[in-house]
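A closer look at the structure
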Amino acid sequence: MSANDKPRRVHFQSPEYLVERLDAIADLFDKDRTDVLVEAIREYIDETADSETFQELVATKYYDDQLEFETVKQLVGAETAQRLRLLKADFESEPFDLAAPTDVDIYGDDVTTVDTTDSDER
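Residues numbered from 1 in each chain as written. Predicted model: local features only at pLDDT ≥ 70, side-chain atom pairs only at ≥ 80, totals over all residues. Heavy atoms only, no water.

1. A few points about the nonpolar core
By size, the foremost hydrophobic cluster in this structure holds 11 residues: Ala49, Phe54, Val58, Ala59, Tyr62, Leu67, Phe69, Val72, Val76, Ala81 and Leu84. Only helix 3 (52-63), helix 4 (69-76) and helix 5 (78-92) provide two or more residues apiece to this core. Per element, the largest residue contribution to this core is four residues, and it comes from helix 3. (Core = buried A, V, L, I, M, F, W, Y, C linked by side-chain atoms within 4.5 Å. Buried < 20%, exposed > 50% of the residue type's maximum accessible area, 1.4 Å probe, protein only. Helix = DSSP H or I, 4+ residues; strand = E, 2+ residues; numbered from the N terminus.)

2. Things to note about a negative patch on the surface
Taken together, the side chains of Glu43, Asp46, Glu47 and Asp50 make up a negatively charged region of the molecular surface. Residue classification places aspartate 46 among the partly exposed residues on the basis of a relative accessible area of 45%. (Patch = residues over 30% accessible without salt bridge, like charges linked within 9 Å, V, L, I, M, F, W, Y side chains within 5 Å. Areas by Shrake-Rupley, 256 points an atom, 1.4 Å probe, with all protein chains shown as cover. Salt bridge = Lys/Arg side-chain N within 4 Å of Asp/Glu carboxyl O. Lys, Arg positive; Asp, Glu negative; His and termini not counted. Charge placed at Lys NZ, Arg CZ, Asp CG, Glu CD.)

3. Quick look at the confidence of the model for the chain
In this model, the chain carries a mean pLDDT of 86, and residues with pLDDT of at least 70 account for 84%. Mean pLDDT values over the elements of the chain span from 89, in helix 5, up to 96, in helix 1 (residues 16-28). (pLDDT = per-residue confidence, 0-100.)

4. Remarks on the environment of threonine 34
Here threonine 34 shows up in helix 2 (residues 33-50). Between the alpha carbons of threonine 34 and aspartate 23 there is a distance of 9.7 Å; along the sequence they are 11 residues apart.

5. A look at helix 5
Given a rise of 1.5 Å per residue, 15 residues ought to cover 21 Å, and the 21 Å separating the end C-alpha atoms of helix 5 matches this to within 8%. Listing the buried residues of helix 5 in full gives Thr80, Ala81, Leu84 and Lys88. Buried residues of helix 5, seen end-on, are gathered within an arc of 95 degrees and therefore sit on one face of the element. Structural note: helix 5 exposes Glu79, Leu86 and Asp90 on the side pointing more than 90 degrees away from its buried face. If you follow the buried residues of helix 5, they end up packed against helix 3 and helix 4. (Expected span 1.5 Å × (residues − 1). Arc of directions from axis to C-beta. Contact = heavy atoms within 4.5 Å.)

Rendered as structure tokens:
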């Protein structure tokens, strides 16, 4: 942990064999159990947050108002969260009320026609 990280006590139950393996790994690297757990959790969170499936799930829940912006920021980072915020605002805004152009020939003089009838039908 860095000096800026405020530690928080967390209590959970785990299968005994996992705790024994964790302790063996901690002993092997001459580390504290907590340090190994924090490192494992950090790696899991980083790997999960980088997954496309995870980011799609976060975006969907944010667009459906199931997640607040601050939570999204914690889950995917500030830059991605801001991008999602802008997209959501764009989705929620009213579309431009523009009439389709009627007097513009987008093809000009370069019109090509194609015979779509089957050659066997002739």
